[in-house]
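Inside the fold
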Amino acid sequence: MKIKNKFLLITLLSFLFGILGYYYLTNPLYTSTEKNIENEAPALALNANELIKAFATAEDESIKKYEGKIIEVTGFIKEITFLNDRNTVILTSQNSAFGIICDIHPNQKDKLKQLQQHQKIRVKGICKGFLKDVILLNCSIDLLPNE
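What this report covers is the structure whose coordinates are included nearby. (Residues numbered from 1 in each chain as written. Predicted model: local features only at pLDDT ≥ 70, side-chain atom pairs only at ≥ 80, totals over all residues. Heavy atoms only, no water.)

Scanning the protein from terminus to terminus reveals four helices and six strands. Sequence-ordered secondary structure for the protein, helices as α and strands as β, is α-β-α-α-β-β-β-α-β-β. Since a compact globule built from 147 residues should have a radius of gyration of about 15 Å, the 23 Å found for the protein marks it as more spread out than a globular shape. Along the first, second and third principal axes, the C-alpha set of the protein runs to 85 × 35 × 30 Å. (Helix = DSSP H or I, 4+ residues; strand = E, 2+ residues; numbered from the N terminus. Rg over C-alpha atoms; globule rule 2.2 N^0.38 Å.)

Have a look at this one:
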């Protein structure tokens, strides 16, 4: 009887470790949220004023329309920050109370160095919603020449 119980216990533990191993291999503990979207087509393209106006006037509808989608936004740089190992560009709009916070993807460092305040740029990022500003993540930068 003892041998049968040991065999059953070993079989059960082997099965359990097999399940846990499979889960670990298919669902790693850490997955990067820094998706490179530079070569992906945007679902929508608009300017900073249009995007901010949409969220300021109809936030719930705008969340349904934009959240989680790759959008391309053209606007003017209000501020560039490098806090906590995060590169961020804030785009301004006609409504000075709101802006667009663009969290720049790490592979965009060379382009980021070329940016200046009040410069017109195009960014493509994943819209994550609206707090006081519209939030775009994993943004790629498109420098607009002669503007």
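Moving on from the coordinates now.
Attention shifts here to the packing of helix α2 (residues 48–57) against helix α3 (residues 59–66). Look at α2 against α3: their axes get within 5 Å of each other, and the N-to-C directions meet at 130 degrees. As the angle between them shows, α2 and α3 are arranged oblique. In this structure, α2 contributes Leu-51, Ala-54, Phe-55 and Thr-57 to the contact, and α3 contributes Glu-59, Ser-62, Ile-63 and Tyr-66. When grouped by side-chain class, the residues that make up the contact of α2 with α3 number five nonpolar, two polar and one charged. (Axes fitted to C-alpha atoms, helices over the stretch in contact; angles between N-to-C directions. Parallel < 35°, antiparallel > 145°, perpendicular 65-115°, else oblique. Contact = heavy atoms within 4.5 Å. Nonpolar A, V, L, I, M, F, W, Y, C, P; charged D, E, K, R; others polar.)

What follows covers the nonpolar core. The biggest cluster of nonpolar side chains holds 25 residues, and the ones touching the most others in it are Leu-51, Val-73, Val-89, Leu-91, Ile-100, Cys-102 and Leu-136. Where this core is concerned, the elements lending two or more residues are α2, β2 (70–81), β3 (87–92), β4 (100–104), β5 (120–130) and β6 (134–143). Of the residues forming this core, the biggest block, five residues, is contributed by α2. Sequence-distant contacts of Cys-102, defined by excluding residues within four places in its chain, comprise Asn-87, Thr-88, Val-89, Leu-91, Val-123, Leu-136 and Cys-139. (Core = buried A, V, L, I, M, F, W, Y, C linked by side-chain atoms within 4.5 Å. Buried < 20%, exposed > 50% of the residue type's maximum accessible area, 1.4 Å probe, protein only.)

Here we come to unusual backbone geometry. Here Asn-84, not a glycine, exhibits a phi torsion of approximately 50 degrees, which is positive. Here Asn-84 lies in the loop between β2 and β3. Look at Asn-84 and you get exposed, because its relative accessible area is 71%. Phi at His-118 is positive, roughly 70 degrees, even though this residue is not glycine. Following the sequence through the fold, His-118 ends up in the loop between α4 (109–113) and β5.

This next bit is on the packing of aromatic side chains. Applying the stated criterion across every chain yields a total of three aromatic pairs. Relative to Tyr-66, the ring of Phe-55 lies with its centre 5.8 Å away and its plane at 35 degrees, an arrangement referred to as tilted. Of this pair, Phe-55 sits in helix α2 while Tyr-66 sits in helix α3, and the two are 11 residues apart along the sequence. For the pair formed by Phe-55 and Tyr-66, the shared burial category is buried. Look at Phe-98 and Phe-130: their rings are 5.6 Å apart centre to centre, the planes differ by 45 degrees, and that puts the pair in the tilted class. Of this pair, Phe-98 sits in the loop between β3 and β4 while Phe-130 sits in strand β5, placing them 32 residues apart in sequence. (Phe/Tyr/Trp six-rings, centres within 6.5 Å; stacked < 30°, edge-to-face > 60°.)

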